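Fold and contact review
Listed here are the chains, written in short residue letters.
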Amino acid sequence: MKALKKREVPGPRSAELLALSKQYEPPCMADQLPVVWDHGEGVWVVDVDGNEYIDFTSGVLVTNLGHAHPLHVEAIQNQAGRLMNCYSFPTPERVTFSRRLVDLLPENLDQAFLLTTGAEATEAALRIARRYTGKHEILSFYGGFHGRTYGPISVAGSMKTKRRFGPQLPGAVLAPFPYFYRDFYNSKTEEECGERCIERLDRIIESASTGDLGAVITEPYQGGAGFIFPPDGWLKKLEKWAYDRGLLFILDEVQSSFGRTGRMFALEWEDLRPSMVCLGKGIGSGMPASALVGERRIFACMGVGEMSSTCGGNPLASAASHAVLDVMAQEKLPENALRVGAYMMARFKALQKKHECLGDVRGKGLVLGLEFVEDRQSRTPAPELTGKVILKAGEYGLLLGRVGIYGNVVRIAPPLVVTEEEAGMGIDIIDRALTEAT
């Protein structure tokens, strides 16, 4: 198997370019394996030294179609020769893609606002929620990540995005998210953990709110915090809690949409009906594209020209997004994510029994988190070991990413075109990396 051949990381050309990056680029980019990508195909990436890797990152959950999918590439090439940007003017590509999005989502979500990044989508959702409700407070959750601009970081529950940037925008009210492995309430079961997180919300609002709460925002699973999934049914209970109190319910599906969890949208698992849903990453499968899809009555609070995006919904990105929907349907990628994801979960559960340092395995579809600890009894986070595992895996040809509140979670998120054979090769590498790193 070509991926199991050990290689130098970084190779000489990668090292040269990484030195150039260090000199000319700021050190605030993501901390990943020290290799420089050159090209890719499907789940495979080749670096500038000619080394081949299996990609378990999807370029941070973006390339759901895999690298250089021929139909995606063809759509981009065809559109690039016609028209690439068209600020504010509608194009056939934009308006027809908006229609396709609306048709795929619950019937209450009947308009789409196309943008460029996930942060831009969540930023727009927060602004519109405040305008529509006339209230400035937003309920969000510990560990939540909604982007790196000031609106999203103000409602984030992550120190990594907030630390040492000074005062945030007012109005954020934070509550515990059901993270059973490290439960805030020391619950005995996952279900009890979820129940307590709902039951305590009113008390938290009574204590922390000024009485001006207008909306709730949450991710279906917390990506940046370590791929943390709430218990089944919890999101529906949160939605009901919000609507019973006259609040807007905003679902941040920037990571979880476009087949990642085994359904086109994660909201399908619990038949959710959010007021607005934020989409990104997989929507363009590598092209800068995002969307805020919401109810017409909510969007009506904005006047003509009050919100726009210089490159949002541009014809190039919209054509690419059309191709994403075409390939998803033709190749049944959400179904493949569910099938291969179940295979991977079973394999990782077996690795958990074999390796004491693998404290928790969680996920759904092709989004799984491996949480590493010093020992299972104390559950002390092991970020240094996590880094060693990522490096060792890279030496054998597997690209992994790191997330988590403590930096001790390896994210497993291959492109949705991955086969069981390719997934198995990657898991074999992780097994070997764990053996060598411990």
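Residues numbered from 1 in each chain as written. Predicted model: local features only at pLDDT ≥ 70, side-chain atom pairs only at ≥ 80, totals over all residues. Heavy atoms only, no water.

A few words now on the packing of aromatic side chains. Taken as a whole and assessed by the stated rule, the structure comprises nine aromatic pairs. Ring plane angle 80 degrees and centroid distance 6.4 Å describe the contact between Y243 and F249, whose orientation is recorded as edge-to-face. The exposure class assigned to F249 is buried, which follows from its relative accessible area of 0%. Of the aromatic side chains, those joined through ring pairs into one cluster are F141, F177 and W234. One Lys or Arg, R432, reaches over the ring of Y396 and ends 4.9 Å from the middle of that ring. (Phe/Tyr/Trp six-rings, centres within 6.5 Å; stacked < 30°, edge-to-face > 60°. Buried < 20%, exposed > 50% of the residue type's maximum accessible area, 1.4 Å probe, protein only. Lys NZ or Arg CZ within 6 Å of the ring centre and 35° of its normal.)

On to the nonpolar core, then. Counting 93 residues, the largest nonpolar core has L101, L139, F258, L279, F348, I412 and I430 as the members making the most contacts within it. Examining the composition of this core, we find that eight residues originate from one element, helix α15 (residues 420–437), more than from any other. What L279 contacts, discounting residues up to four positions off in sequence, is L101, L105, A121, E253, V254, S257, F258, F265, S290, A291 and V293. (Core = buried A, V, L, I, M, F, W, Y, C linked by side-chain atoms within 4.5 Å. Helix = DSSP H or I, 4+ residues; strand = E, 2+ residues; numbered from the N terminus. Contact = heavy atoms within 4.5 Å.)

The N-to-C vectors of helix α13 (residues 333–354) and α15 enclose an angle of 20 degrees; their axes lie 10 Å apart at closest approach. In this view, α13 runs roughly parallel relative to α15, as classed from their interaxial angle. With respect to the hand of their crossing, α13 and α15 are arranged in right-handed fashion. Two secondary-structure elements touch here, α13 through R339, V340, Y343, M344, R347, F348, L351 and K354 and α15 through E420, A423, G424, I427, D428, I430 and D431. Looking at the contact of α13 with α15 residue by residue, the classes come out as eight nonpolar, one polar and six charged. (Axes fitted to C-alpha atoms, helices over the stretch in contact; angles between N-to-C directions. Parallel < 35°, antiparallel > 145°, perpendicular 65-115°, else oblique. Left-handed = near helix turned anticlockwise from the far one by under 90°. Nonpolar A, V, L, I, M, F, W, Y, C, P; charged D, E, K, R; others polar.)

Next up on the list: the sheet that holds strand β1 (residues 37–41). Pairing in this open sheet of four strands is mixed, and the strands run β1-β2-β3-β13 from one edge to the other. Among the strands making up the open sheet, the edge pair consists of β1 and β13 (398–399). Note: β1 against strand β2 (residues 44–47), four bridges, orientation antiparallel. Bridging across to β2, G40 finds its partner in V45. (Pairing = 2+ DSSP bridges.)

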